[in-house]
Protein chains: 2
Amino acid sequence: MSDAASAPAVRAAIGDSEFDRDTALVPRGPGVHDIDLSAGWTIMNAVNGGYLLAVIGRALGQTLPHADPFTISAHYLTASRPGPAVVRTETVRTGRTLSTGQASLVQYDDDGTEVERIRVLASYGDLDALPDDVRTTAEPPAMPPLEQCVGAEDGPAPGSVSSPIADRLRLRLDPSTLGWAVGAPSGRGEMRAWFALADGRDADPLSLLLAVDALPPTAFEIGLSGWVPTVEMTVHVRRRPAPGPLRVSITTRNLAGGFLEEDAEVWDSDDRLVAQSRQLARVRLG
Amino acid sequence: MSDAASAPAVRAAIGDSEFDRDTALVPRGPGVHDIDLSAGWTIMNAVNGGYLLAVIGRALGQTLPHADPFTISAHYLTASRPGPAVVRTETVRTGRTLSTGQASLVQYDDDGTEVERIRVLASYGDLDALPDDVRTTAEPPAMPPLEQCVGAEDGPAPGSVSSPIADRLRLRLDPSTLGWAVGAPSGRGEMRAWFALADGRDADPLSLLLAVDALPPTAFEIGLSGWVPTVEMTVHVRRRPAPGPLRVSITTRNLAGGFLEEDAEVWDSDDRLVAQSRQLARVRLG
């Protein structure tokens, strides 16, 4: 096993990596794209919602005249399964600096009935055409350096279940948000981690769609366990990420009525805020 | 003029108020709703994006088996104008506790060409069916009591332009976020206000969709002026608001590359966080 605290000796390139192969779509006709959803991005048999959003985001980037997702909103309808799926895309509006598209990811039941998994609306632009002004007041999350955070190679967390997605990510969690793993959740709705792909592929706008939904649920640190299915997630990609590992910070301020929001910020190695996301998720209260 | 610091002597009821009349749709057929967009909710000739979202949200509530918007995502395509419009709605999926729908608001050019203004995806549920658990860690915004905040009856802000929407809202701004109005913006991306409808109608889930987009742009306090058009806005309605004025707090943490996010929280008179929203908007840098 490679040392997850450092990049692998041979790094996969953007365009030629596991993530790129597993999000590759085969065009079948105008606005119709075939894909085999990889079992490699599952956790407890559920296909990760960020991986699915990256698949759909890639299909939209191939459909619209602009390549980069600026804001992408996904409503998750039913749970996706590994295997064949179809992404249908539609151009809603084309503008000079922004274009808007819609997409659906569907799969088929055993009897051939089509079941829609996710419906998406998104506005795309060209990140490289944006002016370089930065007046952000947000600060990168306060967290220990990568080598002081906790990764899979440090041994599985007690009670955790190994999952295929864990092998594809180089996720190192801030120990101060790991109380849940030893039965002592902090009570704060916070989760922080260093994030990279295991094969060393650098981040790009599509992999940011994965990064925002790749950490353990904040609900674990609030003292809840079990599945926290996403109802809706919207991601804003604000800048093309610089090479190197990302820092992802997720915060929940409002758990109420059986739902919670997860707000994610993703920072790159240049200390730039490259993505913001918010999802509404359901919790099962024991 | 009524004293805007207190409720009007005769309060309009939910279902029988200016807001209800101006969001009323006439069904034309399955999933087709006619409306005359009121000029009363404009600012500088632009129809307010929150009012438009309330119109679309109402059409979806009449289409789906669930009545309340839990999460509603709108991509703003072109600027709406007062006058006739058509809202088309479609049921995407019906579930036991949540249903998902899609909507488009369209208008017609002088030559009869259809122009889409807004495309929306939303998941609806029943707010009254939610458990009453609250584990929120968010706190209501620190702001002065309503009578110490600044409303239209205190005289127009220097340089401000009166707009029809101002007459329909009872908006009282926190003086500490009013520096922009006297040429001394704070530099902080914050805007806070007490919010109510001028005719005293209490808040409901639909008027929350208006409340999140009714304050002056946070960009004003960062020192920018001019129009800040919304690209996309997603609103989570988390609870049916209690009667009485709302507190709305808006924060921008990342102005970069000509775009900014506006995060809104809406608190009711019971100190409950009833809605959260985030929008991506464009800024014109001088």
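Residues numbered from 1 in each chain as written. Chains lettered and ligands numbered in written order. Predicted model: local features only at pLDDT ≥ 70, side-chain atom pairs only at ≥ 80, totals over all residues. Heavy atoms only, no water.

### Things to note about the overall build of chain A
Now for step 1: When helices and strands are counted, chain A shows five helices and 15 strands.
Now for step 2: The globule rule puts the C-alpha radius of gyration for 286 residues at 19 Å, and the 18 Å found for chain A is close to it.
Now for step 3: If you line up chain A on its principal axes, its C-alpha atoms span 50 × 50 × 40 Å.
Now for step 4: A separation of at least 24 residues holds for 71% of the contacts in chain A among residues at least 6 apart in sequence.
Now for step 5: Accessible surface for chain A amounts to roughly 11,200 Å². Of this, 51% is attributable to carbon and sulfur atoms. (Helix = DSSP H or I, 4+ residues; strand = E, 2+ residues; numbered from the N terminus. Rg over C-alpha atoms; globule rule 2.2 N^0.38 Å. Contact = heavy atoms within 4.5 Å. Areas by Shrake-Rupley, 256 points an atom, 1.4 Å probe, with all protein chains shown as cover.)

### Quick look at the interface of chain B and chain A
Where the parts come together, the accessible area they lose is often given as the size of the interface.
Now for step 1: With 55 residues of chain B in contact, the opposing surface of chain A contributes 55 residues.
Now for step 2: Summing both partners gives a buried area of about 4,800 Å² for chain B against chain A, and 52% of it is carried by carbon and sulfur.
Now for step 3: Summed over the three residues of chain B that lose the most area to chain A, namely Arg 238, Arg 253 and Arg 278 of chain B, the buried surface amounts to 14% of that side.
Now for step 4: Joining chain B to chain A, the criterion identifies eight salt bridges.
Now for step 5: At the boundary of chain B with chain A, the tally comes to 47 residue pairs in polar contact (both at pLDDT 80 or more).
Now for step 6: Of all the secondary-structure elements, those providing two or more residues to the side of chain B that touches chain A are strand S5 (68–76), strand S6 (83–94), strand S7 (99–108), strand S8 (114–125), strand S11 (230–237), strand S13 (255–256), strand S14 (259–267) and strand S15 (273–282) of chain B.
Now for step 7: In terms of residues, the side of chain B that touches chain A owes the most to one element, S15 of chain B, which gives seven residues.
Now for step 8: Here the side of chain B that touches chain A is built from residues that sort into 21 nonpolar, 19 polar and 15 charged. (Buried area = accessible area lost by both parts, 1.4 Å probe. Salt bridge = Lys/Arg side-chain N within 4 Å of Asp/Glu carboxyl O. Polar contact = N/O pair within 3.5 Å; in protein donor to acceptor, adjacent residues only side chain to side chain. Nonpolar A, V, L, I, M, F, W, Y, C, P; charged D, E, K, R; others polar.)

### A look at empty space enclosed by the protein
Now for step 1: In this structure the tally under the stated criterion is six cavities of 30 Å³ or more.
Now for step 2: A volume near 60 Å³ is recorded for the largest cavity.
Now for step 3: Forming the walls of the largest cavity are Glu 232, Thr 234, His 236, Gln 276, Ser 277 and Arg 278 of chain A together with Glu 232, Thr 234, His 236 and Arg 278 of chain B.
Now for step 4: Of all the elements in the fold, those that place two or more residues in the lining of the largest cavity are strand S11 (230–237) and strand S15 (273–282) of chain A together with S11 of chain B.
Now for step 5: The residue makeup of the lining of the largest cavity, split by class, is no nonpolar, six polar and four charged. (1 Å grid on protein atoms, 1.4 Å probe; cavity = no way out; pocket = protein on both sides within 12 Å on 5 of 7 lines; lining within 4 Å. Points joined across faces, edges and corners; volume = space filled by probe spheres on them.)

### Quick look at the environment of Ala 181 of chain B
All names here are of chain B.
Now for step 1: Note on placement: Ala 181 falls in the loop between strand S9 (169–173) and strand S10 (190–197).
Now for step 2: Look at Ala 181 and you get buried, because its relative accessible area is 7%.
Now for step 3: In the structure, Ala 181 is positioned 39 residues away from Phe 220 in sequence and 8.4 Å away in space, judged by C-alpha atoms. (Buried < 20%, exposed > 50% of the residue type's maximum accessible area, 1.4 Å probe, protein only.)

### What to know about the pattern of salt bridges
Two side chains that carry opposite charge are able to pair once their charged atoms sit near each other.
Now for step 1: Here the structure, examined in full by the defined rule, presents 44 salt bridges over all chains.
Now for step 2: Between Asp 20 of chain A and Arg 201 of chain A there is a salt bridge; the shortest N-O distance is 2.7 Å. Residue Asp 20 of chain A is found in helix H1 (residues 18–22), and its partner Arg 201 of chain A is found in the loop between strand S10 (190–197) and helix H4 (205–211); the two are separated by 181 residues along the sequence. For the pair Asp 20 of chain A and Arg 201 of chain A, one class covers both residues: buried.
Now for step 3: In this structure, Arg 168 of chain B and Glu 18 of chain B form a salt bridge, with 3.6 Å as the shortest nitrogen-oxygen distance. Linking Arg 168 of chain B in helix H3 (residues 164–168) with Glu 18 of chain B in helix H1 (residues 18–22), this pair joins segments that are 150 residues apart in sequence.
Now for step 4: Judged by its relative accessible area of 28%, Glu 18 of chain B falls in the partly exposed class.
Now for step 5: Because the salt bridges share partners, they merge into one network encompassing Asp 174, Arg 188, Glu 190 and Arg 192 of chain A.

### Describing the environment of Met 191 of chain A
All names here are of chain A.
Now for step 1: Assignment of secondary structure puts Met 191 in strand S10.
Now for step 2: Residue Met 191 is classed as buried on the basis of its relative accessible area of 0%.
Now for step 3: In the structure, Met 191 is positioned 14 residues away from Thr 177 in sequence and 5.3 Å away in space, judged by C-alpha atoms.
Now for step 4: Apart from the residues lying within four places of it in its own chain, the contact partners of Met 191 are Leu 173, Thr 177, Trp 180, Leu 215, Pro 216, Pro 217, Thr 218, Phe 220, Glu 221, Val 248, Ser 249 and Ile 250.

### Considerations on the relation of the copies chain B and chain A
Now for step 1: For these two chains of identical sequence, chain B goes onto chain A by a turn of 180° and a shift of 0.0 Å along the axis, with RMSD 0.0 Å. Taken together, these values place the two copies in the relation of a two-fold axis. If distances are taken from each C-alpha of chain B to the rotation axis, the shortest is found for Ser 73 of chain B, at 3.3 Å.
Now for step 2: A shared interface surface links the copies, since 100% of the contact residues of chain B are contact residues in chain A too. (Least-squares fit on C-alpha atoms with pLDDT ≥ 70 in both.)

### Here's the deal with a nonpolar patch on the surface
Now for step 1: Taken together, Ile 43, Met 44 and Trp 227 of chain A make up a surface patch of nonpolar side chains, about 310 Å² in accessible area.
Now for step 2: Along the chain, the position of Trp 227 of chain A falls in the loop between helix H5 (218–222) and S11. (Patch = residues over 30% accessible without salt bridge, like charges linked within 9 Å, V, L, I, M, F, W, Y side chains within 5 Å.)

### Notes on helix H2 (residues 49–63) of chain A
Residue and element names in this part refer to chain A.
Now for step 1: Compared with an ideal rise of 1.5 Å per residue, which puts 15 residues at 21 Å, H2 spans 21 Å between its outermost C-alpha atoms and is within 8% of the ideal.
Now for step 2: Within H2, 11 of the 15 residues are buried, leaving the element largely enclosed by the surrounding structure.
Now for step 3: For H2, the full list of buried residues reads Gly 49, Gly 50, Tyr 51, Leu 52, Leu 53, Ala 54, Val 55, Ile 56, Gly 57, Ala 59 and Leu 60.
Now for step 4: Sitting at the amino-terminal end of H2 is Asn 48, which places a side-chain oxygen 2.8 Å from the backbone nitrogen of Gly 50. (Expected span 1.5 Å × (residues − 1).)

### Focus: the side chain of Thr 177 of chain A
Residue and element names in this part refer to chain A.
Now for step 1: Mapped onto the elements of the fold, Thr 177 is located in the loop between strand S9 (169–173) and S10.
Now for step 2: Side-chain polar atoms of Thr 177 contact the backbone nitrogen of Arg 192, separated by 3.4 Å.
Now for step 3: In contact with Thr 177, other than residues within four places in its own chain, are Glu 190, Met 191, Arg 192 and Glu 221.

### Description of the UniProt feature "domain: Acyl-CoA thioesterase-like N-terminal HotDog" (unreviewed entry) in chain A
Now for step 1: In the numbering used here, UniProt assigns the feature "domain: Acyl-CoA thioesterase-like N-terminal HotDog" (unreviewed entry) to residues 38–123 of chain A.
Now for step 2: In residues 38–123 of chain A, the share of helix is 17% and the share of strand is 52%. The end C-alpha atoms are 26 Å apart. (UniProt positions renumbered as here; feature names shortened; annotations may be inferred.)

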